[in-house]
Amino acid sequence: MSYMLPHLTNGWQVDQAIQHEEDKVVCVRFGHDWDPTCMKMDETLYSVAEKCRNFACFYLVDISQVPDFNKMYELYDPCTCMFFFRNKHIMIDLGTGNNNKINWAIPDKQEFVDIVETVYRGARKGRGLVVSPKDYSTKYQY
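The structure presented is a predicted model; accordingly, all values stated were derived computationally and were not measured. (Residues numbered from 1 in each chain as written. Predicted model: local features only at pLDDT ≥ 70, side-chain atom pairs only at ≥ 80, totals over all residues. Heavy atoms only, no water.)

Peer 1: Explanation requested: the overall build of the protein in the structure shown.
Peer 2: Each helix and strand in the protein was counted, giving 3 helices and 6 strands. Walking the protein from its N terminus toward its C terminus, one meets helices and strands in the order β-α-β-α-β-β-β-α-β. Over its C-alpha trace the protein gives a radius of gyration of 14 Å, about what one expects of a compact globule, namely 14 Å for 142 residues. For the protein, the spread of C-alpha atoms along the principal axes amounts to about 40 × 35 × 30 Å. Scored against the burial criterion, the 142 residues of the protein give a buried share of 45%. Long-range pairs, those at least 24 residues apart, make up 72% of the contacts in the protein with a sequence separation of at least 6. For the protein, the exposed surface amounts to about 7600 Å²; the carbon and sulfur share of it is 50%. Seen as two clouds, the 16 positive and the 19 negative side-chain charges of the protein have centres 6 Å apart. (Helix = DSSP H or I, 4+ residues; strand = E, 2+ residues; numbered from the N terminus. Rg over C-alpha atoms; globule rule 2.2 N^0.38 Å. Buried < 20%, exposed > 50% of the residue type's maximum accessible area, 1.4 Å probe, protein only. Contact = heavy atoms within 4.5 Å. Areas by Shrake-Rupley, 256 points an atom, 1.4 Å probe, with all protein chains shown as cover. Lys, Arg positive; Asp, Glu negative; His and termini not counted. Charge placed at Lys NZ, Arg CZ, Asp CG, Glu CD.)

What follows is the structure, encoded as structure tokens:
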């Protein structure tokens with residue numbers, strides 16, 4: 001479903017999307033359209049875009065076409081999702097140790113809506129770090 005979401009094709013477009021959105025969280029998925037992990041994440045993004053349209057907007061960026069942010073945001077994973085609000089990167093504590101981004105696909109749509117809503121509520125209050133409603137640590141998997 002990546003063809004249904006807006007693609008940003010150069011660094012300037014990414015900067016403009018992040019800088020000029022005043023009232024919404026900007027969710028940017030960095031990755032490749034052909035990657036299976038990104039396909040799952042794109043499916044989730046597309047399905048929640050309508051529910052979250054009042055407080056979030058979603059963009060896709062191909063990291064091989066737009067390599068400008070690869071070093072800055074450490075985009076080494078096949079699929080990475082990051083959140084911005086009023087030109088500020090919003091970090092999210094998912095329990096994984098990496099608070100900067102989500103680097104796996106979240107197939108559960110309601111789970112992702114909850115994350116985006118939490119980011120929005122925290123960012124509106126001026127918080128740069130929000131705590132995820134669900135703990136994604138591997139502490140309980142063993």
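Peer 1: Looking at this structure, how should I read the packing of aromatic side chains?
Peer 2: Any two aromatic rings considered together are summarised by their centre-to-centre distance and by the angle between their planes. Evaluation of the coordinates by the stated rule reveals 9 aromatic pairs. Centre to centre, the rings of F30 and Y73 are 6.1 Å apart; their planes meet at 45°, and the pair counts as tilted. Taken together, the positions of F30 in strand 2 (residues 25-31) and Y73 in the loop between strand 3 (56-62) and strand 4 (79-85) put the pair 43 residues apart, joining distant regions of the chain. With relative accessibility at 1%, the residue F30 sits in the buried group. One aromatic cluster is present, built from ring pairs that chain together F30, F69, Y73 and F84. (Phe/Tyr/Trp six-rings, centres within 6.5 Å; stacked < 30°, edge-to-face > 60°.)

Peer 1: Just checking my understanding: could you explain the side chain of D42 for this structure?
Peer 2: Along the chain, D42 turns up in helix 2 (residues 36-49). A residue is classified by how much of its surface remains accessible, and D42, at 0% relative accessible area, is buried. A polar atom in the side chain of D42 sits 2.8 Å from the side chain of R29. (Polar contact = N/O pair within 3.5 Å; in protein donor to acceptor, adjacent residues only side chain to side chain.)

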